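Examination of the molecular architecture
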Amino acid sequence: MKVALRTLLERSVKKMGKGMNPVVKASALEMVERAYNEGITVQISAGYRSLEEQANLYGQGRVYSYKGKNYSNLAKPIVTKAKPGQSYHNYGLAIDFFIVSDDGRRAIWTVNSKWQRVAAIGKDLGFKWGGDWSSFKDYPHLEMTGGLSYTQLQSGKGPRLTFKLEKREMQKTGKGDNYIISIQQTLNGRYETNIECDGFYGPKTRTALIIGFQTELNKQFNKKLVVDGKWGPKTKNAIVTIKKGASCNITWILQATLYMKGYNGPLDGEFGKNTETALYKYQRASGISADKLAGKETWNDLFA
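Notes on the structure in this doc start here. (Residues numbered from 1 in each chain as written. Predicted model: local features only at pLDDT ≥ 70, side-chain atom pairs only at ≥ 80, totals over all residues. Heavy atoms only, no water.)

**Description of the layout of surface pockets**
The cut-off we apply is this: Think of a 1 Å grid over just the protein atoms. A cavity is a set of points where a 1.4 Å probe fits yet cannot get out, a pocket is an open set with protein on both sides within 12 Å along at least five of seven lines, and lining residues have an atom within 4 Å of a point. Grid points are joined across faces, edges and corners, and a volume is the space filled by probe spheres set on the points. To qualify as a helix, a DSSP run of H or I must reach at least 4 residues; to qualify as a strand, a run of E must reach at least 2; elements of each kind are numbered from the N terminus. For this scheme, ten residues count as nonpolar: Ala, Val, Leu, Ile, Met, Phe, Trp, Tyr, Cys and Pro. Four count as charged, namely Asp, Glu, Lys and Arg, and the remainder, Gly too, count as polar.
Here the largest pocket is characterised by a volume of approximately 760 Å³. In terms of lining residues, the largest pocket is bounded by 29 residues, among which N90, Y91, G262, Y263 and K281 are the most central. At the level of secondary structure, the elements contributing two or more residues to the lining of the largest pocket comprise α5 (150-154) and α11 (273-286). The element best represented in the lining of the largest pocket is α11, accounting for six residues. Taken together, the residues of the lining of the largest pocket sort by class into 10 nonpolar, 14 polar and five charged.

Here it is in structure tokens:
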């Protein structure tokens, strides 16, 4: 019996783990589904990788220590040239994949026409393939870096990634990012935005977030804005600054919008330490004032 698509998607989500950029994660799952629709069963084998996990991999076939801990493992062959912080896996921007047998029970590591077709699907979605590298070819590897180097990522800069999915494809898939689905559901329930809860961040979800922001400015600060979902001069002039300690729906909108940009944090409406950290990282990466305050400069950059 052929393995179900749902099984492959669930396995892939588990293997990618937490810490994935939401665009990379959703694009990876889209790749799995597209391949399945072409008769190719593929699964994601790795996604986010901590610095310690990277040190463990780098230590295979080498004498190596990291932060005072010995990761040497000469019994195993060298599998990577990347030290901790030198892999896009460490930033949730890369995945590895492999072909599985039709029944889903065996991994197939032969780089054949099916493997190359999956890589091509990945590249259509915006990934770069390790099989195209000129020196150390990494056939299972796909990455989406936004043009950033390791040095830029280490300094806190984050990529600006967008889904390379056609509108009709986004509508037919129901396996986007679960947190984005939750955000979309909340927007519909709280602000009657009536958007599709597909788990993808697109123009309609952005408009819905602005509607929520305008609504809260009117309710909480009597700004008397037209609630139209447009990021125009009147809305920009009505912006209020929120900071750590704030507890309101505007904080939730900030948290939701930061998540859409790839900066994970809570979605509880409480401006605590984790929200402050996500905001600070976003500000640094965007080149705006890293003051940990959600003011005019930050809101304008988030909704630009």
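**Here's the deal with the packing of aromatic side chains**
Note the following rule: Working definition: a ring pair exists when centres of Phe, Tyr or Trp rings (six-membered ring for Trp) sit within 6.5 Å. Plane angles under 30 degrees give stacked, over 60 give edge-to-face, the rest tilted.
Applying the stated criterion across every chain, the model contains 14 aromatic pairs. Plain terms: the ring middles of F213 and F303 are 6.3 Å apart, the flat faces sit at 45° to each other, and that makes the pair tilted. In this pair, F213 sits in helix α8 (residues 203-221) while F303 sits in the segment after α12 (296-302), placing the two residues 90 residues apart along the sequence. Ring centres of Y263 and Y282 lie 5.5 Å apart, and the angle between their planes is 85°; on these two criteria the pair is classed as edge-to-face.

**Digging into the side chain of T298**
Rule in force here: For this analysis, residues touch if any pair of their heavy atoms sits within 4.5 Å.
Note on placement: T298 falls in helix α12. Beyond its immediate sequence surroundings of up to four residues, T298 is in contact with L279, Q283, I288 and L293.

**Looking at the environment of A294**
As for its placement among the helices and strands, A294 is situated in the loop between α11 and α12. Excluding residues that lie within four positions of it along the chain, A294 makes contacts with V240, T241, I242, L254, L279 and W299.

**Topic: empty space enclosed by the protein**
Considering all chains together, one arrives at one cavity of 30 Å³ or more under this definition. A volume near 30 Å³ is recorded for the largest cavity. In this structure, the largest cavity is lined by Q255, L258, Y263, N264, G265, P266, T275 and A278. Taken together, the elements giving at least two residues each to the lining of the largest cavity come down to α10 (249-260) and α11. In terms of residue class, the lining of the largest cavity is built from four nonpolar, four polar and no charged.

**Focus: the nonpolar core**
For the record, the criterion: The definition of a nonpolar core used throughout is a set of buried Ala, Val, Leu, Ile, Met, Phe, Trp, Tyr and Cys residues joined through side-chain atoms within 4.5 Å. Categorising residues by exposure relies on relative accessible area from a 1.4 Å probe, with only protein chains included: less than 20% of the type maximum marks a residue as buried, more than 50% marks it as exposed, and the intermediate range marks it as partly exposed.
Within the largest apolar cluster, 39 residues are counted, with the highest numbers of intra-cluster contacts made by L254 and W299. Of all the elements, α10 adds the most residues to this core, at eight residues. When near neighbours in sequence (up to four residues on either side) are disregarded, W299 contacts F213, W231, I239, V240, I242, I250, I253, L254 and A294. Counting residues in each nonpolar core, the second largest holds 37 residues, with A28, M31, W115 and W129 among its members.

**Some thoughts on the pairing of strand β1 (residues 42-46)**
Look at any regular strand and the pattern is simple: side chains alternate between the two faces of the sheet. To keep it simple, the criterion reads: By this definition, two strands are paired if DSSP reports at least two bridges between them.
The element β1 is extensively covered by neighbouring structure, given that four of its five residues are classed as buried. Across four bridges, the pairing between β1 and strand β4 (residues 94-100) is antiparallel. Note on β4: the bridge partner recorded for A46 is D96.

**Describing the packing of helix α2 (residues 22-37) against helix α4 (residues 113-124)**
Counted only if it meets this: Axis definition: a line fit to C-alpha positions, over the contact stretch in the case of helices; interaxial angles, taken between N-to-C directions, run 0 to 180 degrees. Angles are sorted into four bins: roughly parallel if under 35 degrees, roughly antiparallel if over 145, roughly perpendicular if 65 to 115, and oblique for all others. Take the far helix as the reference: if the near one is turned anticlockwise from it by less than a right angle, the crossing is left-handed, and if turned clockwise, right-handed.
Between α2 and α4, whose axes approach to 9 Å, the crossing angle comes to 135°. It follows from the interaxial angle that α2 and α4 lie oblique. The interaxial crossing formed by α2 with α4 has right-handed handedness. Contacts between α2 and α4 involve M31, R34 and A35 from the former and V118, I121 and G122 from the latter. Here the contact of α2 with α4 is built from residues that sort into four nonpolar, one polar and one charged.

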